[in-house]
Amino acid sequence: DVNMYTLSGLVQKIGAVPVTFGIVRDDFHDLFEKCTEALTRSDMVLISGGSSVGTQDFTIEVLSSLPDSDILVHGISISPGKPTILARSHSQVIWGLPGQVTSTMVVFEMVVKPFIEHISGLSPEYARNFKLSARLNRNVPSSQGRADYIRVKLIEKEGILWAEPLLGKSGLINTMVRADGLIEIGLNIEGLDEGAEVEVIPL
């Protein structure tokens, strides 16, 4: 259950207290009961997996069935992490995150964490916005219409900091383990060229 331990660590890192509920089967009633219990014991709920549209993906159906619920977002224009869900039940927020742990980590860092900081009352000037300037050591392709978050390793050569992309399938855990940070390729950019200056978001 790597996602539970990963999300628990990320939640603790931002000063919150994780309450875990274990693995839930791909069953509507089981997930509904677990979500109902989680809402009574926490301020915000994170569900990892089941957020796509497969026959065994019940997250969107369950969230739609909770009391006084509303699906605010289903799908965001980022990679990895497109099938992310943001919903509410009464005044409580529920996130449906991807099932792949690396995608979950990226979505938490880039979307969930800033959201929690905002509702916690943290002013933008006090949020952790530290970034490192580096140069890209190879071309990186990207598709328009989405923001791509690329894992990179930092290498210093002759006083210059280089960002080496760690390319591979989004679910590869070893690329996240080896990464020092992320770079963002914006919605309307068709990739970056070797030597381009980039801002690295430390992990």
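Each value, and the rule that gives it
- Residues numbered from 1 in each chain as written.
- Predicted model: local features only at pLDDT ≥ 70, side-chain atom pairs only at ≥ 80, totals over all residues.
- Heavy atoms only, no water.
- Helix = DSSP H or I, 4+ residues; strand = E, 2+ residues; numbered from the N terminus.
- Rg over C-alpha atoms; globule rule 2.2 N^0.38 Å.
- Contact = heavy atoms within 4.5 Å.
- Areas by Shrake-Rupley, 256 points an atom, 1.4 Å probe, with all protein chains shown as cover.
- Lys, Arg positive; Asp, Glu negative; His and termini not counted.
- Charge placed at Lys NZ, Arg CZ, Asp CG, Glu CD.
- Phe/Tyr/Trp six-rings, centres within 6.5 Å; stacked < 30°, edge-to-face > 60°.
- Buried < 20%, exposed > 50% of the residue type's maximum accessible area, 1.4 Å probe, protein only.
- Salt bridge = Lys/Arg side-chain N within 4 Å of Asp/Glu carboxyl O.

Caption draft 1: Here's a closer look at the overall build of the protein. In terms of regular secondary structure, the protein is built from five helices and 10 strands. Its C-alpha radius of gyration of 18 Å places the protein within 12% of the 17 Å reference for a compact globule of 203 residues. With the C-alpha coordinates of the protein rotated into their principal frame, the extents come out at 60 × 35 × 30 Å. A separation of at least 24 residues holds for 61% of the contacts in the protein among residues at least 6 apart in sequence. With the model as given, the accessible surface of the protein reaches about 11,300 Å², and the carbon-plus-sulfur share is 51%. Computed over 17 positive and 25 negative side-chain charges, the inter-centroid distance for the protein is 5 Å.

Caption draft 2: Local environment of the packing of aromatic side chains. Following the criterion strictly, the structure yields two aromatic pairs and no others. For the ring pair Phe28 and Phe32, a centre distance of 6.1 Å and an interplane angle of 20° mean the geometry is stacked. With Phe28 and Phe32 both in helix H2 (residues 28-41) and four residues apart, this pair spans about one turn of that helix. Since its relative accessible area comes to 25%, Phe32 is described here as partly exposed. Centroid distance Trp95 to Phe115: 5.3 Å. Interplanar angle 85°. Geometry classified as edge-to-face.

Caption draft 3: Geometry of the pattern of salt bridges. In the structure shown here, the tally under the stated rule is seven salt bridges. The salt bridge partner of Glu117 is Lys113, with a shortest N-O separation of 3.0 Å. Taken together, the residues Glu117 and Lys113, both in helix H4 (residues 101-119) and four residues apart, mark about one turn of the helix. Taken individually, Glu117 and Lys113 each receive the classification buried, so the pair is uniform in this respect. Because the salt bridges share partners, they merge into one network encompassing Lys34, Glu37 and Arg41.

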